[in-house]
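Reading the structure
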Amino acid sequence: MPGNINIQKVNKSFGDIKVLNDFSLDIKEGSFVSLIGPSGCGKSTLLRIIGGLEKATTGSVSLDGETITKAGSDRGFAFQGSNLFPWLSVKDNVSFGLKARKIYHEKKQDVSDIINLVGLKGFENSYPHQISGGMQQRASLARALVGHPKVLLLDEPLGALDAFTRMNLQDEILRIKKENEMTMLMVTHDVDEAIYMSDRVVVMSARPSRVEAVIDINLPHPRIRVQDTFTLYRNKILEYLDFGGKVQDIEYVI
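In this text the structure is predicted, and so the values were computed from the model without any measurement. (Residues numbered from 1 in each chain as written. Predicted model: local features only at pLDDT ≥ 70, side-chain atom pairs only at ≥ 80, totals over all residues. Heavy atoms only, no water.)

Sheet architecture is open: four strands sit in the order β2-β1-β4-β5, paired in antiparallel fashion. Strands with a single pairing partner mark the edges of an open sheet, and in this sheet they are β2 (17-27) and β5 (66-67). Bridge count for strand β4 (residues 58-63) against β5 is two bridges, and the pairing is antiparallel. Each bridged residue has a counterpart across the sheet, and for Ser62 the counterpart in β5 is Thr67. Strands β1 (5-14), β2 and β4 of the sheet are contacted by helix α1 (residues 43-51), whose axis makes an angle of about 120° with β1. (Pairing = 2+ DSSP bridges. Helix = DSSP H or I, 4+ residues; strand = E, 2+ residues; numbered from the N terminus. Contact = heavy atoms within 4.5 Å. Axes fitted to C-alpha atoms, helices over the stretch in contact; angles between N-to-C directions.)

Have a look at this one:
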């Protein structure tokens, strides 16, 4: 089952630098939420706190009512770079976490199923240097998905890819979400990507960051990037990111 995330008055400082300031947000189970904001505002830091890779200075983060204190298999993490082990094959990279938890033999079929799901069937024995950047990112997604997490945390997972590969993988991630119940939280700098993929877009302010706006994207899937309503959402988010001018409510017809 997908997970519900509650972020309550989280503050995070690194020495004298305050990154997050009383940051509060509820992320409903099964939703796709994107975080967008200026560089250095704490998007990735917040994701790492949810993932249990960082600790909040004050405040709390919980998953299904349980306070997050460390990393866990109920949260999968995909980073901007694939972060694959170059000396391991695709199959061994995907199964690495299961082997570390000593549950590989009982979950062996899951590895094949996930590799097929992300479109890498036939490349199980290939090494990272033998496959394209897009395929490496698919393998990274497979590694994050193989444990069947409640929450998938995506830290600009498509940022290093060319435009066509990026758009293709956006659709693949949405397909995976549709076929597997999970909550997805993604950090991105791409406004169009956030609108195309998300149920809600959370605009973060400059550091020390707070929630500047939460925008529900009321468009059916598959979404059309060139339609007028898509453009209205883009303009609204860009106005918030500029932190100036009055933002008008969107009126749309579906």
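Still more to cover.
Moving on: the pattern of salt bridges. Under the counting rule described, the total for this entry stands at 13 salt bridges. The salt bridge partner of Lys150 is Asp64, with a shortest N-O separation of 2.8 Å. Taken as a pair, Lys150 in the loop between α4 (133-145) and β7 (151-155) and Asp64 in the loop between β4 and β5 lie far apart in primary sequence, 86 residues in all. For Lys150, a relative accessible area of 30% gives the class partly exposed. Linking Asp92 and Lys99 is a salt bridge whose minimum nitrogen-to-oxygen distance equals 3.4 Å. When its relative accessible area of 29% is taken as the criterion, Asp92 is described as partly exposed. (Salt bridge = Lys/Arg side-chain N within 4 Å of Asp/Glu carboxyl O. Buried < 20%, exposed > 50% of the residue type's maximum accessible area, 1.4 Å probe, protein only.)

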